[in-house]
Structures are given as C-alpha cells and as structure tokens.
Amino acid sequence: MNGDTGFWNWDHAAASFPDILMKFLTVTLVVTVIGSIIAAVLGLAIALGRRTAPRPIAAIITLLMNFVRMTPLVVQLLFAYYVFTTVSPLVLGIVIIGIHYATYMAEVYRAGIEAVPPGQWEASTALSMSRGRTWAAVIIPQALRSTLPSLGNYVISMFKDTPFLMVITVTEMVRQAQLYGGKNFRYVEAIIIAGLIYLVASYLSSLLTRRLEKRLEYTTA
C-alpha cells in the first residue's frame, strides 16, 4: 500500500474508516440512544420510588441502587452475559448499561426534586391538587428543567462507555478497529480513527449540552 509514513498509513486509514463509521452508526448510537431512554425512565422511577414508597421499600431500592453504582460496569456486563445466555449480547448490553446509568440519573433527579421550592408544594395544596397531579404537573417538570444538563453529561459518559460491550462479544467501533488491525496487522490507524469519532461526537454533544444549560439559565433568570 502507498501512503506509508512508518507510524501512519493513509491507505489503511481510508480502508478502515467506512467499517468503523458504520459500527458507530449501527451499534454505538443505537446503544447510546436506547440505553439513555432506559436510564432516564428507570432513573426517574427510582428517584420517585425512594421519595414516595413506604420506608422499607425505599430502603431496598436505595440498597439495590448503591449496589449497582458501586460495582464496575464490566463486571455487571459479564455477570449478565454468563447468566442470561439465551439473550442477544447487544440487547443485554443495552439493558445493563441503561440500568447502570439509571442509578446515576436517579441521583440527579433526586437533587432536582429537592431543589423545587417548598412553595410549589404549598401552592398545589392550596389549589386542592391531588398528590399525583402535583408530581406530574408541577414537581417533575420543574425538576427536569434543572436536571437536563446533568442528564446530558451522563448520556455522553454512556456513549464513551460503549466500548465495554466488547467484553460480551458486541462488535462496536473499538472492537471493529481491533478486528481490522488483527486482519491487516495495522492497529494504529483504526484505533485512532475510532478515537477521533468518539472525540468529535463527544465534543459536539458537550457543546449542545452547554448551550442547553445556558438557555435554561436565560429562561429562568
């Protein structure tokens, strides 16, 4: 091949790029999007459960949440992979990474709920609103408004953690780069391209998150 400068070979870079980019579009983004939806919904359910459930149930929820948060994601993936052998590794990976990040998002929701002024509860009571309607129409919307930037940061973190799925045989960008390197005995180009795609996507996502945060600050000022 031409374009070889010793450390870097442009032909290998060009050859590896399409396959790596395709894995970004078909695997990495799918895991991030669906995993984020699972994490956001489950995280809110955990936060509400800890806040509204009877004390024994809330204590169990907190115990399980802390257990998930304090064990490595890789360990959780491997455990689930060897236990649920009939489930697709990709589906398993999406669910586990969603559950893992739900425990972190739950803490964000909790902080957002506690930041809602007590006067909002009092106003809802004065208007004879039911507890369920107060949560749905007053508390949760205000909590979400203040937590969106932090939730966005966790989505970015989840995106960067998708390479962990290779331990359960899911072929995403980094694994695809490794496969290309093993086949052609050139790892540098493929690994760097995968890293650059992560860098660009993460940077653009962080800009969007920062812009959203400033917009929320402007609208609440």
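Scroll up to find the structure.
Residues numbered from 1 in each chain as written. Predicted model: local features only at pLDDT ≥ 70, side-chain atom pairs only at ≥ 80, totals over all residues. Heavy atoms only, no water.

(A) Region of the structure containing the pattern of salt bridges. The full count for this structure, using the stated rule, is four salt bridges. As a salt-bridge pair, Arg-50 and Glu-107 come within 2.6 Å of each other at their nearest N and O atoms. Of this pair, Arg-50 sits in helix H1 (residues 10–52) while Glu-107 sits in helix H4 (residues 89–115), and the two are 57 residues apart along the sequence. Two residues, Arg-110 and Glu-114, come together in a salt bridge whose shortest N-O distance is 3.1 Å. On the criterion of helical spacing, the pair formed by Arg-110 and Glu-114 is a turn pair, its members being four residues apart in helix H4. One connected set of salt bridges, linked through shared partners, spans Arg-50, Glu-107, Arg-110 and Glu-114. (Salt bridge = Lys/Arg side-chain N within 4 Å of Asp/Glu carboxyl O. Helix = DSSP H or I, 4+ residues; strand = E, 2+ residues; numbered from the N terminus.)

(B) Region of interest: a nonpolar patch on the surface. Together, Leu-42, Phe-79, Val-83, Phe-84, Val-87, Val-91, Val-95 and Ile-99 make up an exposed nonpolar region whose accessible area comes to about 640 Å². Elements that contribute at least two residues to the nonpolar patch include exactly helix H3 (73–83) and H4. Among the elements that make up the nonpolar patch, the one with the highest residue count is H4 (three residues). Within the secondary structure, Val-91 sits in helix H4. Judged by its relative accessible area of 44%, Val-91 falls in the partly exposed class. (Patch = residues over 30% accessible without salt bridge, like charges linked within 9 Å, V, L, I, M, F, W, Y side chains within 5 Å. Areas by Shrake-Rupley, 256 points an atom, 1.4 Å probe, with all protein chains shown as cover. Buried < 20%, exposed > 50% of the residue type's maximum accessible area, 1.4 Å probe, protein only.)

(C) Quick peek at the packing of aromatic side chains. This model, assessed by the stated rule, comprises seven aromatic pairs. Between Tyr-81 and Tyr-82, the aromatic rings sit 5.3 Å apart at their centres with planes inclined by 65°, giving edge-to-face as the arrangement. Overall, the relative accessible area of 24% leaves Tyr-81 in the partly exposed class. Ring centres of Tyr-104 and Tyr-154 lie 5.7 Å apart, and the angle between their planes is 35°; on these two criteria the pair is classed as tilted. Here Tyr-104 is found in helix H4, whereas its partner Tyr-154 is found in helix H6 (residues 131–161), with 50 residues between them in sequence. Among the aromatic residues, ring-to-ring pairing joins Phe-24, Phe-159 and Tyr-198 into one connected group. (Phe/Tyr/Trp six-rings, centres within 6.5 Å; stacked < 30°, edge-to-face > 60°.)

(D) Representation of the nonpolar core. Formed by 25 residues in total, the largest nonpolar core has its most connected members in Val-31, Ala-39, Leu-77, Ile-97, Tyr-101 and Leu-165. Elements supplying a minimum of two residues to this core: H1, H3, H4 and H6. A per-element tally of this core places H4 first, with 11 residues. In this structure Leu-165 touches Val-31, Leu-77, Gly-93 and Val-170, once residues within four positions along its chain are discounted. Counting 14 residues, the second largest nonpolar core, distinct from the first, contains Phe-24, Phe-159, Tyr-180 and Tyr-198. (Core = buried A, V, L, I, M, F, W, Y, C linked by side-chain atoms within 4.5 Å. Contact = heavy atoms within 4.5 Å.)

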